[in-house]
Structures are given as C-alpha cells and as structure tokens.
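Descriptive analysis of the structure
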Amino acid sequence: MPATPAWPPQSTPRLFVDQILAEGPIRIDGPAAHYLVSVMRTKVGDPVKLFDDRTGEWLGVAASVGKRDLTLDVTQRLREREAVPDLWLCAAPLKKGRVDWLAEKACELGVARLVPVVTRRTVVDKPNTERLRAHMIEAAEQCGRTALPQVAEPVKLPALLRDWPEERALFFADENGGLPALEAMRAHQGPAAILIGPEGGFDSEEREAIRALPSAIGIGLGPRILRADTAAAAAVSLWMAAAGDWG
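For clarity, every value in this text was computed on a predicted model and none was experimentally measured.

1. Things to note about the overall build of the protein chain
- A count of helical and extended segments in the protein chain gives seven helices and 13 strands.
- Taken along the three principal axes of its C-alpha coordinates, the protein chain extends 60 × 40 × 30 Å.
- Within the protein chain, the fraction of its 247 residues that count as buried is 47%.
- Counted over contacts in the protein chain with a minimum sequence separation of 6, partners at least 24 positions apart contribute 75%.
- With the model as given, the accessible surface of the protein chain reaches about 12,800 Å², and the carbon-plus-sulfur share is 51%.

Given below as structure tokens:
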C-alpha cells in the first residue's frame, strides 16, 4: 500500500500571530493575509502552521478565503513552545543591511535576546528595533522557532556594564586576543552573553572597562580579522555547540 502523506506537509506555510492561540476560528488580514492569499495561493481546506510565542505551534485550516483576509480554523496544537538556550547577543548596531542580517541569524541560531550596545565607535546609535523584530519574526517563521527572541532597547556600553547581572557570563570578542572561544564556553556553563564591538572595535578604555567586569571573559575567534556580523554569528555558533541546544 502507498505510504500516507505527512500531514501537514513540509511545504505548509508558517505564520506568527500576535495573539494567544487556541482551538477555534481566527481571522487573518493585512500583510499576513496578502502573503497567504496572493503569494502562497492558499485555498479553502489548505493547512497553515501558526505560532504565537506563548503557547507553541498550532495547525490552522483555511475555512474561508477572501481577497484581503481569510479565516483559519485552528484545530490542534502541534508543538509546545520550545525551551530557548539562555544566551544574549549584545552587539554594536551596524549599518542597515548588515544589522538586519545579524538579527536574522541571531534568531536562526537560537539566541534568546538581542541587545543593541552603543559604543564610542558605533556607526549607528539609534537602530530601528521594530525593523529588527520584524526580521526576527520572518526568520522564526522560516526556521521553525516557536519562541521569538526578545529585542531590547539600545543601551550604552557603560550602562550595560554597570547593570550587568553577576550570574551571567559575558564572553567578549577581544581584538587583542583571549581564550580560545570554544574552550572558554565549555568551561562556563549557565546563563551567558556574547558581546561584539562595532566595525572599528572597542577603544582601549572600553576594553579595560569590560575586562574589569568580574563576569567578563575575553575570547579569540581565530587567526583572521572578522567583520562584526561574522564575528557575532561565529561566536553564537560556538556557544550553541558548546553549551546550547545543538548537542
């Protein structure tokens, strides 16, 4: 006998909705409806996966489809909300395009919280956090996350260090060198954060202030000079391999 096709199929579109999901009807309009109706060509009876960052992932089935909206019948919960590794990415804002890429990759790699950190050499001191959140939502829809990363408001480096929680390790990428990143991360389990400087790096006073923090651990990211966004993705990947949910 032929195998029963998987339901819902892997090609099922996936959508974040900013309301608590439960069994029953839900109306979708705006850009989300445009995506489902005009881009994905959703028809009555088609499945849609939904997640709300609160209760997990649910299966919806199109009950009615209009030109600008549609109604989904939420029928069952597919997954509980995932447990997210307790890792913050504290990164100096970059130019538009690169910071958007950074937000997407932070979401895909499993970061719990993104904190824009303003330093003396930061090129952009007022990042658009709403745009960053939008990029993270899109990335979560694509990569299968059921828990969205938090996006904090920008904070100046001195304030970040002043209010730093002592139980959270702070791994900072130091251009002057530090412990091999993977070795350091394996040795310090528990809540953690990664601090990545701006395109011009930390200045000497900032580096001294970071090193003075008891929770700070300087790390090296190999023999090559990395762009700030590349360094962030590399450091997060190493932490996920050492202490996150990649094991």
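Read on for the rest.
2. Section: the UniProt feature "domain: Ribosomal RNA small subunit methyltransferase E PUA-like" (unreviewed entry) in the protein chain
- Residues annotated by UniProt as "domain: Ribosomal RNA small subunit methyltransferase E PUA-like" (unreviewed entry) correspond here to residues 28-74.
- Helix makes up 21% of residues 28-74 and strand 47%, and the two end C-alpha atoms of the span are 12 Å apart.

3. Some remarks on empty space enclosed by the protein
- Scanning all chains against the criterion turns up one cavity of 30 Å³ or more.
- Empty space within the largest cavity amounts to approximately 50 Å³.
- Lining the largest cavity are Ala91, Ala92, Pro93, Val99, Leu102, Ala103, Leu114, Pro116 and Leu132.
- Where the lining of the largest cavity is concerned, the elements lending two or more residues are α2 (98-109) and β7 (113-118).
- Looking at the lining of the largest cavity residue by residue, the classes come out as nine nonpolar, no polar and no charged.

4. Section: the domain arrangement of the protein chain
- The domains assigned to the protein chain are domain 1 (14-79) and domain 2 (87-243).
- One C-alpha centre belongs to domain 1, the other to domain 2, and the line joining them spans 33 Å.
- In this complex, domain 1 contributes eight residues to the contact, which on the side of domain 2 involves nine residues.
- Together domain 1 and domain 2 conceal approximately 760 Å² of surface at their shared face, both sides included; 53% is due to carbon and sulfur atoms.
- Together, Arg14, Phe16 and Asp53 form the three largest contributors to the area buried by domain 1 at its contact with domain 2, with a combined 61%.
- Linking domain 1 with domain 2 are zero salt bridges, by the criterion used here.
- The interface formed by domain 1 and domain 2 includes six residue pairs in polar contact (both at pLDDT 80 or more).
- It is strand β1 (residues 14-16) that contributes the most residues to the side of domain 1 that touches domain 2, three residues altogether.

5. Observations concerning the nonpolar core
- Counting 39 residues, the largest nonpolar core has Leu87, Leu89, Phe171, Ile194, Ile196, Val236 and Trp239 as the members making the most contacts within it.
- At the level of secondary structure, the elements contributing two or more residues to this core comprise β6 (87-91), α2, α3 (129-143), β10 (169-173), α5 (181-187), β12 (192-196), β13 (216-220) and α7 (228-242).
- The element contributing the most residues to this core is α7, with eight residues.
- Excluding its chain neighbours within four sequence positions, the residues that come into contact with Phe171 are Ala184, Met185, His188, Ala192, Ala193, Ile194, Leu195, Ile217, Ile219 and Trp239.
- One finds Trp88, Ala152, Leu170 and Ile210 within the second-largest nonpolar core, a separate group that totals 17 residues.

6. Focus: the pattern of salt bridges
- Counted according to the given criterion, the structure contains 17 salt bridges.
- Of the charged contacts in the structure, one is a salt bridge between Glu57 and Arg14, with a shortest N-O distance of 2.5 Å. Within this pair, whereas Glu57 is found in strand β4 (residues 57-65), its partner Arg14 is found in strand β1, the two being separated by 43 residues in sequence. You'll find Glu57 and Arg14 in the same group, each marked buried.
- Close ionic contact of Arg54 with Asp18 constitutes a salt bridge, the shortest N to O distance being 3.1 Å.

What counts, and at which threshold
- Residues numbered from 1 in each chain as written.
- Predicted model: local features only at pLDDT ≥ 70, side-chain atom pairs only at ≥ 80, totals over all residues.
- Heavy atoms only, no water.
- Helix = DSSP H or I, 4+ residues; strand = E, 2+ residues; numbered from the N terminus.
- Buried < 20%, exposed > 50% of the residue type's maximum accessible area, 1.4 Å probe, protein only.
- Contact = heavy atoms within 4.5 Å.
- Areas by Shrake-Rupley, 256 points an atom, 1.4 Å probe, with all protein chains shown as cover.
- UniProt positions renumbered as here; feature names shortened; annotations may be inferred.
- 1 Å grid on protein atoms, 1.4 Å probe; cavity = no way out; pocket = protein on both sides within 12 Å on 5 of 7 lines; lining within 4 Å.
- Points joined across faces, edges and corners; volume = space filled by probe spheres on them.
- Nonpolar A, V, L, I, M, F, W, Y, C, P; charged D, E, K, R; others polar.
- Domains from an automatic or database assignment.
- Buried area = accessible area lost by both parts, 1.4 Å probe.
- Salt bridge = Lys/Arg side-chain N within 4 Å of Asp/Glu carboxyl O.
- Polar contact = N/O pair within 3.5 Å; in protein donor to acceptor, adjacent residues only side chain to side chain.
- Core = buried A, V, L, I, M, F, W, Y, C linked by side-chain atoms within 4.5 Å.

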